[in-house]
Each structure stands twice: as C-alpha cells, then as structure tokens.
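Chain by chain, the residues run as shown.
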Amino acid sequence: RDPVSDVLGAIDTLNPLGKPIIPVGQAYDPSIDGAAYPVPTAGDLTRFMNAALSKGVAGLSFWSWDAASTDQWSAIAAFHGFDLGTPTGSPGVAAGRVAAIQRALKNTGHYVPVDGRLGPGTKEAIAAFQASKGLAPTGDPDAATVTAFTKP
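Residues numbered from 1 in each chain as written. Predicted model: local features only at pLDDT ≥ 70, side-chain atom pairs only at ≥ 80, totals over all residues. Heavy atoms only, no water.

Peer 1: Can you tell me about helix H2 (residues 42–54), naming the residues and giving the values?
Peer 2: With 13 residues, H2 should cover 18 Å at 1.5 Å per step; its first-to-last C-alpha distance of 18 Å lies within 8% of that length. Taken as a whole, H2 has its buried residues at Asp44, Leu45, Phe48, Met49, Ala51, Ala52 and Leu53. Of the residues one or two after H2, glycine 56 is the one with positive phi, at around 80 degrees. (Helix = DSSP H or I, 4+ residues; strand = E, 2+ residues; numbered from the N terminus. Expected span 1.5 Å × (residues − 1). Buried < 20%, exposed > 50% of the residue type's maximum accessible area, 1.4 Å probe, protein only.)

Peer 1: An account of the pattern of salt bridges is needed here, citing residue identities and associated values.
Peer 2: All told, the structure shown has three salt bridges when counted by the stated rule. For arginine 47, the salt bridge is made with aspartate 2, and the minimal N-O distance between the two is 3.3 Å. On the criterion of sequence distance, the pair formed by arginine 47 in helix H2 and aspartate 2 in the segment before helix H1 (3–14) is long-range, its members being 45 residues apart. What makes arginine 47 partly exposed here is its relative accessible area of 41%. On the basis of relative accessibility, which here comes to 30%, the residue aspartate 2 falls in the partly exposed class. Linked through salt bridges whose partners overlap, the residues forming this network are Asp2, Asp44 and Arg47. (Salt bridge = Lys/Arg side-chain N within 4 Å of Asp/Glu carboxyl O.)

Peer 1: Report on the packing of H1 against H2, specifying residues and quantitative values.
Peer 2: Relative orientation of the contacting elements H1 and H2 amounts to 25 degrees, with a least axis distance of 8 Å. Judged by the inter-axis angle, H1 sits roughly parallel to H2. Once H1 is placed against H2, the crossing between them reads as right-handed. Residues Pro3, Val4, Val7, Leu8 and Ile11 of H1 pack against Asp44, Arg47, Phe48, Ala51, Ala52 and Ser54 of H2. Per-class residue counts for the contact of H1 with H2 are eight nonpolar, one polar and two charged. (Axes fitted to C-alpha atoms, helices over the stretch in contact; angles between N-to-C directions. Parallel < 35°, antiparallel > 145°, perpendicular 65-115°, else oblique. Left-handed = near helix turned anticlockwise from the far one by under 90°. Contact = heavy atoms within 4.5 Å. Nonpolar A, V, L, I, M, F, W, Y, C, P; charged D, E, K, R; others polar.)

Peer 1: Summarise the environment of glutamine 102; cite the residues concerned and give the values.
Peer 2: Within the secondary structure, glutamine 102 is located in helix H4 (residues 95–107). Classification of glutamine 102 by relative accessible area gives buried; the value is 0%. Between the C-alpha atoms of glutamine 102 and aspartate 44, which are 58 residues apart in sequence, the distance is 25 Å. Apart from residues lying up to four places away in sequence, glutamine 102 is in contact with Val112, Pro113, Val114, Asp115, Gly116, Arg117 and Thr122. Side-chain polar atoms of glutamine 102 contact the side chain of aspartate 115, separated by 2.9 Å. Side-chain polar atoms of glutamine 102 contact the side chain of threonine 122, separated by 2.9 Å. (Polar contact = N/O pair within 3.5 Å; in protein donor to acceptor, adjacent residues only side chain to side chain.)

Next up, the structure:
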C-alpha cells in the first residue's frame, strides 16, 4: 500500500473531529508478522512524513521504531519538519518555524491554522499557551516559549 495515500486519506477522514492528529507510520519489516508486503524504504518514510506535514498534523510516530533499519532511522533523523528551533523574535521567525509552532499549538489544544504566518490568531494562541505555562503572555514565540513546548 502507498503510505502517502493512506496517511492523506486518514487525515482527511479525521480532520473534521477537530482533534490533534498524530499519524503512526510503519518502520519495520512486516514479514516478521507474516505479512507479504514490502519493507518500507527510507524514501517511503520521507514521503509519509512530508505528506503528513503538508496536512498540518501535530506530530508523527512510527511502529515499530525498535525494529527500524539503519536506513529508516536515517530518514527519520534527517526529517526536520517538526523542529521548533529557537526563534529570537517575531520579525525573524521563518515560516517553517512558525508552522512547526502552529502544529505544537494544535497538539496542546490551541487550534490555529497551520499556514506559517505569525498572524493575530497565532499570536493569541501563543499568548494563551504562554499563560498556561506561567510565562508572560506576549504572543512572541521566544526561546522560553519554544522550550515550554518540550516540557510536560
């Protein structure tokens, strides 16, 4: 089966529920379970991750990561679509980082469009997230805010 069409179809089906979506990809040899379909390649995993990212998902996971090959791990490690980085202030925040922050906001229940723009809705969601973490609610995705996304 094609991992891209599968993940895009699943995301389209689940999006109307209004919840964060974290697709689970396959990173193992299915023959260990008796299946007859091929081992996903590094390219398959990269296409899966890019497709999911294009739909604004909150994150990604893989089954079964402990059985992933070196090539599969390399593909996962090389993918930086969810890197929040360490923004230094609103004017200099790249669109890719803003989109990653928007996905992180979705994952924490602050639903904003993932459009890569640091507009008023995204700034309001950042401020609400900051307030929930005891930070000054500036709406600016500063280093303290980015760090807060990685804490429980």
